[in-house]
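Examination of the molecular architecture
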Amino acid sequence: MLMRTNAGRCGRNVIGALAIVLAMTTATLADTVGGVVKLPHDRVLASGISVASLTASRYVHEVRGVATVLDPQPLIALSARLVAARESQSAATQQASAAAAEAKRSRHLYQQGENASLRDVQTAAAAAAAALAQQVAARSAYTAERSSARVSWGRALAALAESGPDALADYADGRAALLAVAMPVDSGQLSTAAIQVQLPDGSHASATLLGPSPRADAVLPGPTYFYRCKDVSLRSGWRLAASVPLQAAERNGVTVPAAAVLWYAGQPWVYVQTAVDSFQRHPLALDARQASGWFQASGFQVGDRVVVRGAELLLSQELLPPPGTKAPAGDGDDG
């Protein structure tokens, strides 16, 4: 029993000595005090730690909308009907004008006793009345078509469709996609004409505003807008997430790259290089996360150098026990 006790104590002494040596060795590589990590410059280079300078940026509040890729064929067909109705109205107007002029001429000739009979006058008057009726019918049909277009597509797209098929050629040929973007209730006014749409592969495409939509979305009952997107990979029927900037007070600050963010204890952090061999861990605000990174209105300055690669190594060095820490207690082998 005595031999076992001595052996156990000897083993603990060896472990304690190794822990002291390891702590002394670590102290030459990293000195961590209050969230500050110090590494020799050669260790920084060897570890592959890299930094990036923060630049000035502005933050605009965004909401998440739902973008539905629409089939453009109904709009293209509407354009053809609008053009046909407009041409019919124009032709009927010209015909009515000509018939009215002929009726006036016949009546004048008859009144002057020239080569025009009463029957000619009556025939011309009847033709003018029929032409006028055609004009009224054509105008009514055109007005009804325009009203239907505005009810279904809104003023902006109705006007675009009325310009003729050439105005919709990009949609017909697949060079652009038509989107209906629905937003949450009480989203506020749009800030800019451009939004970002997230594609199924995780990439983003830009879309530009065409105008308000009279349609309602089944999921998001807020306002809906039509957008044009030049990405040819979009397919009709897709429902995609959209980032829509709103008219809110813009804030000035910096954007921390997403690659620099490190999660620890349920909080996002970033390491800022304060010297060649020194790095300070800073918390990030949670309320302004964007696709490009984390906007920060305070706590950071333009030109701050943040670690974009190697932050995990710095955290592990920071969490090492400080030099001089006592060796862990024994496991009770000495009974």
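For the structure given in this document, a descriptive report is provided here.

Conventions adopted
Residues numbered from 1 in each chain as written. Predicted model: local features only at pLDDT ≥ 70, side-chain atom pairs only at ≥ 80, totals over all residues. Heavy atoms only, no water. Helix = DSSP H or I, 4+ residues; strand = E, 2+ residues; numbered from the N terminus. Buried < 20%, exposed > 50% of the residue type's maximum accessible area, 1.4 Å probe, protein only. Pairing = 2+ DSSP bridges. Phe/Tyr/Trp six-rings, centres within 6.5 Å; stacked < 30°, edge-to-face > 60°. Lys NZ or Arg CZ within 6 Å of the ring centre and 35° of its normal. Contact = heavy atoms within 4.5 Å. Axes fitted to C-alpha atoms, helices over the stretch in contact; angles between N-to-C directions. Parallel < 35°, antiparallel > 145°, perpendicular 65-115°, else oblique. Left-handed = near helix turned anticlockwise from the far one by under 90°. Nonpolar A, V, L, I, M, F, W, Y, C, P; charged D, E, K, R; others polar. Salt bridge = Lys/Arg side-chain N within 4 Å of Asp/Glu carboxyl O. Expected span 1.5 Å × (residues − 1). Bend = angle between axes of the 7 residues up to and from the residue. Arc of directions from axis to C-beta. Core = buried A, V, L, I, M, F, W, Y, C linked by side-chain atoms within 4.5 Å. Polar contact = N/O pair within 3.5 Å; in protein donor to acceptor, adjacent residues only side chain to side chain.

Another aspect to go through is unusual backbone geometry. With a phi close to 55°, A265 is a non-glycine residue in the positive phi region. By the secondary structure assignment, A265 is in the loop between β12 (262-264) and β13 (267-275). A relative accessible area of 70% means that A265 is categorised as exposed.

Time to look at the pairing of strand β5 (residues 62-70). In terms of burial, β5 is a largely internal element, seven of the nine residues being buried. Note: β5 against strand β10 (residues 239-245), seven bridges, orientation antiparallel. Note that in β10 the partner of A67 across the bridge is L240. Sheet topology note: the β5/strand β6 (residues 177-182) ladder contains five bridges and is antiparallel. Looking at the pairing, T68 lines up with A180 of β6.

What holds strands together in a sheet is hydrogen bonding between their backbones, with the strands either parallel or antiparallel. Taking strand neighbours across the sheet as the criterion, the four strands line up as β4-β11-β16-β15 in an open arrangement whose pairing is antiparallel. One side of each edge strand has no neighbouring strand; the edge strands of this open sheet are β4 (56-59) and β15 (289-290). Sheet topology note: the β4/strand β11 (residues 251-257) ladder contains four bridges and is antiparallel. Residue pairing in the sheet places A56 in a bridge with V254 of β11.

Attention now moves to the packing of aromatic side chains. On inspection of all chains with the given rule, the structure shows two aromatic pairs. Ring geometry for W263 against W294: centres 6.0 Å apart, planes inclined by 65°, an arrangement best described as edge-to-face. Of this pair, W263 sits in strand β12 while W294 sits in strand β16 (residues 293-296); the two residues are 31 residues apart in sequence, bridging distant segments of the chain. A cation over an aromatic ring shows up here: R228 above the ring of Y171, its NZ or CZ 5.5 Å from the ring centre.

Residue placement: P257 occurs in strand β11. Overall, the relative accessible area of 26% leaves P257 in the partly exposed class. C-alpha separation for the pair P257 and V307, spaced 50 residues apart in sequence, amounts to 9.5 Å. Discounting residues that sit within four places of it in the chain, P257 has contacts with L54, S292, G293, V306 and V308.

Okay, the packing of helix α3 (residues 73-111) against helix α4 (residues 118-162) next. At a minimum axis separation of 6 Å, α3 and α4 run at an interaxial angle of 160°. As far as their axial angle goes, α4 and α3 are roughly antiparallel. Handedness of the crossing formed by α3 with α4: left-handed. Among the residues forming the contact of α3 with α4, the class breakdown is 27 nonpolar, eight polar and nine charged.

A separate point is the pattern of salt bridges. This structure, assessed with the given rule, holds eight salt bridges. The partner of R175 in a salt bridge is D170, and the shortest N-O contact between them spans 2.6 Å. Overall, the relative accessible area of 43% leaves R175 in the partly exposed class. Measuring nitrogen to oxygen at the nearest pair gives 2.6 Å for the salt bridge that ties D170 to R228. Of this pair, D170 sits in helix α5 (residues 169-172) while R228 sits in strand β9 (residues 224-229), and the two are 58 residues apart along the sequence.

End to end, α4 covers just 44 Å across 45 residues, shorter than the expected 66 Å (1.5 Å per residue, more than 12% under). Residue G154 marks the point of greatest curvature in α4, where the axis turns by about 120°. Two residues or fewer after α4 comes G164, characterised by a positive phi angle close to 115°.

The subject of this paragraph is helix α6 (residues 311-318). Looking only at α6, the buried set comprises A311, L314, L315, Q317 and E318. Considered in projection along α6, the buried side chains sweep an arc of 160° and stay on one side of the axis.

A separate point is the nonpolar core. Among the nonpolar cores identified, the biggest contains 21 residues, and L179, V181, I195, V197, Y227, L234 and V244 are the most heavily contacted of them. For this core, the secondary structure elements donating two or more residues are β5, β6, β7 (194-198), β8 (204-213), β9 and β10. Among all residues touching V181, those that are not within four sequence positions of it are V66, A67, I195, P223, T224, Y225, Y227, A242 and V244. Core analysis: the second largest hydrophobic core is formed by 16 residues, L70, W153, A161 and A180 among them.

The next subject is the environment of D304. Note that D304 resides in the loop between β16 and β17 (305-309). It is 9.8 Å that separates the C-alpha atoms of D304 and V256, two residues lying 48 residues apart in sequence. A polar contact is formed between the side chain of D304 and the backbone nitrogen of Q301, at a distance of 2.9 Å.

Shape is all these values report; function is a separate question.
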